Amino acid sequence: MTSEAAVSTPSPTSSSSSSSTPAKRDYYWLRSFVAGGVAACCAKTTIAPLDRVKILLQGQSPHYKHLGVFSTFTAVPKKEGILGLYKGNGAMMVRIFPYGAIQFMAFDKYKKLLSKRIGISGHIHRLMAGSMAGMTAVMCTYPLDVVRARLAFQVKGDHRYSGIVDVFRSIYRKEGAFGFYRGLTPTLIGMAPYAGLSFFTFGTLKSLGLKHFPEQLGRPSSDNPDVLILKTHVNLLCGGIAGAFAQTVSYPLDVARRRMQLGTVLPDSDKCGSPIKTLKYVYEKYGIKRGLYRGLSLNYIRCVPSQAMAFTTYEFMKQVLHLN
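Residues numbered from 1 in each chain as written. Predicted model: local features only at pLDDT ≥ 70, side-chain atom pairs only at ≥ 80, totals over all residues. Heavy atoms only, no water.

## Here we look at the overall build of the protein chain
- In terms of helices and strands, the protein chain carries 13 helices and 2 strands.
- Here the C-alpha radius of gyration of the protein chain, 20 Å, is about what a compact globule of 324 residues would show, namely 20 Å.
- Counting only C-alpha atoms and orienting by the principal axes, one finds that the protein chain spans roughly 60 × 40 × 35 Å.
- Burial analysis of the protein chain (324 residues in total) assigns 55% to the buried set.
- Put simply, of all contacts in the protein chain between residues at least 6 apart along the chain, 75% involve residues at least 24 apart.
- Within the structure as shown, the protein chain displays about 14700 Å² of accessible surface, and the carbon and sulfur contribution to it stands at 65%.
- Across the protein chain, the centroid of the 41 positively charged side chains sits 3 Å from that of the 17 negatively charged ones. (Helix = DSSP H or I, 4+ residues; strand = E, 2+ residues; numbered from the N terminus. Rg over C-alpha atoms; globule rule 2.2 N^0.38 Å. Buried < 20%, exposed > 50% of the residue type's maximum accessible area, 1.4 Å probe, protein only. Contact = heavy atoms within 4.5 Å. Areas by Shrake-Rupley, 256 points an atom, 1.4 Å probe, with all protein chains shown as cover. Lys, Arg positive; Asp, Glu negative; His and termini not counted. Charge placed at Lys NZ, Arg CZ, Asp CG, Glu CD.)

## Regarding the pattern of salt bridges
- Going through the model one piece at a time under the given rule, you end up with 9 salt bridges.
- Between glutamate 175 and arginine 150 there is a salt bridge; the shortest N-O distance is 3.0 Å. One end of the pair, glutamate 175, is in helix 7 (residues 164-175); the other, arginine 150, is in helix 6 (residues 123-153), and 25 residues separate them in sequence. Of the two residues, glutamate 175 and arginine 150, both sit in the buried class.
- Shared partners join several salt bridges into a network, and the residues in it are Arg52, Glu80 and Lys87. (Salt bridge = Lys/Arg side-chain N within 4 Å of Asp/Glu carboxyl O.)

## Notes on the UniProt feature "repeat: Solcar" (unreviewed entry) in the protein chain
- In the UniProt entry, the feature "repeat: Solcar" (unreviewed entry) is given for residues 27-113, 121-208 and 230-320.
- Along residues 27-113, the helical share is 78% and the strand share 0%, with 20 Å between the first and last C-alpha atoms.
- Helix makes up 80% of residues 230-320 and strand 1%, with an end-to-end C-alpha separation of 16 Å. (UniProt positions renumbered as here; feature names shortened; annotations may be inferred.)

## A few points about the packing of aromatic side chains
- Evaluated as defined, the whole model comprises 7 aromatic pairs.
- A ring pair is formed by phenylalanine 33 and phenylalanine 97, whose centres lie 5.8 Å apart and whose planes are at 65 degrees; its orientation type is edge-to-face. Placement of the pair is phenylalanine 33 in helix 2 (residues 22-46) and phenylalanine 97 in helix 5 (residues 89-118), with a sequence separation of 64 residues.
- Between phenylalanine 107 and phenylalanine 199, the aromatic rings sit 3.8 Å apart at their centres with planes inclined by 10 degrees, giving stacked as the arrangement. One end of the pair, phenylalanine 107, is in helix 5; the other, phenylalanine 199, is in helix 8 (residues 184-212), and 92 residues separate them in sequence. In terms of burial, phenylalanine 107 and phenylalanine 199 fall into one category: buried. (Phe/Tyr/Trp six-rings, centres within 6.5 Å; stacked < 30°, edge-to-face > 60°.)

## Let's talk about the side chain of threonine 187
- As for its position among the elements, threonine 187 is in helix 8.
- The buried category is assigned to threonine 187, whose relative accessible area is 6%.
- Discounting chain neighbours no more than four positions away, the residues touching threonine 187 are Val138, Tyr142 and Arg257.

## As for the packing of helix 3 (residues 48-58) against helix 13 (residues 296-320)
- The geometry of helix 3 relative to helix 13 is characterised by a closest axis approach of 10 Å and an angle of 155 degrees between their N-to-C directions. If you check the angle between helix 3 and helix 13, you find them roughly antiparallel. Relative to helix 13, helix 3 is oriented so that their crossing is left-handed. Residue-level inspection shows Leu50, Asp51, Val53 and Lys54 of helix 3 in contact with helix 13, the latter providing Leu298, Asn299, Ile301 and Arg302.
- Considering only residue class, the contact of helix 3 with helix 13 consists of 4 nonpolar, 1 polar and 3 charged. (Axes fitted to C-alpha atoms, helices over the stretch in contact; angles between N-to-C directions. Parallel < 35°, antiparallel > 145°, perpendicular 65-115°, else oblique. Left-handed = near helix turned anticlockwise from the far one by under 90°. Nonpolar A, V, L, I, M, F, W, Y, C, P; charged D, E, K, R; others polar.)

## Notes on a nonpolar patch on the surface
- On the surface, Tyr27, Leu30 and Val34 cluster together into a nonpolar patch covering about 280 Å² of accessible area.
- Here leucine 30 is to be found in helix 2. (Patch = residues over 30% accessible without salt bridge, like charges linked within 9 Å, V, L, I, M, F, W, Y side chains within 5 Å.)

## Observations concerning the environment of proline 77
- Tracing the backbone shows proline 77 in helix 4 (residues 69-80).
- Filtering out sequence-adjacent residues up to four positions away, proline 77 remains in contact with Ile82 and Leu85.

## Some remarks on the packing of helix 5 against helix 6
- At a closest axis distance of 7 Å, the pairing of helix 5 and helix 6 adopts a crossing angle of 165 degrees. Judged by the inter-axis angle, helix 5 sits roughly antiparallel to helix 6. Considering how the two elements wind past one another, helix 5 and helix 6 form a crossing that is right-handed.
- The residue makeup of the contact of helix 5 with helix 6, split by class, is 20 nonpolar, 7 polar and 5 charged.

## With respect to the nonpolar core
- Tyr64, Val138 and Phe153 are the most contacted members of the largest nonpolar core, which totals 44 residues.
- Breaking this core down by element, the ones donating at least two residues are helix 2, helix 3, helix 4, helix 5, helix 6, helix 7, helix 8 and helix 10 (232-262).
- Considering every element that reaches this core, the biggest residue donor is helix 6, with 9 residues.
- If you look at the next biggest cluster of nonpolar residues, it comprises 7 residues, including Phe202, Leu210, Cys238 and Phe311. (Core = buried A, V, L, I, M, F, W, Y, C linked by side-chain atoms within 4.5 Å.)

Structure below.
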């Protein structure tokens, strides 16, 4: 995700100059791609252990289903070693770099499209651009997310897959090409409000903060003194709030997505054939607290540092790569 308030509006002169030099414009997008990918990787690595525990809880793993969030967090290292908390993180890094890069670039592109071509501006264009950017990134990288979920759901002594390539082969052999897109519909439905609300909340907090309290909350960008950006601790706070709010709204769909992704790994996979069917089954069997919102407390713990790290790292990378 991107800190949009830090993007300055180019002058007509610079705009026409950019138009006449497409190579320079392409180089800008390449730098933006790298900045977004690095930010996403840093954010996900920070909360990788929490992600592993969340997947185990959402999928009702038979090895840990009787435990709560913190009990599972301590039980995994005992059963699988400390690296057990990072199981599936290699596949996640392969996916998250292009995911973050595409999302950052798509958000900027959609925001400009909505504002300049369609005439939608103000806070609403952040919400719409964020939703579309999130869905675009998901569709481009979804098979890797399915692979990562399968690897993370494994428990030591009960392995079905030997690695990333083995997961790809197994899914294709047993479930066909459709297996790589199990749970895509609830993911897209859940991503729309999640990404949209994240961009919207962060962007709104940032623009209001810099507008009303520029000296207290802002500072000049190191690569462009004319651009005002949030101070690091304020950036972290705004990112955390945005992540927590967005996760609360979209979490039940995230549960449905994970159960559909896990597919034949779950004994009750036949009851998770569609988003509505999955949500209904989880609600009837486990209820709201232990079903639709199981693991939400962990999600608050993981989404706050994740979003805070993503926003802050991207702001830093924008300065390093001279994107402001």
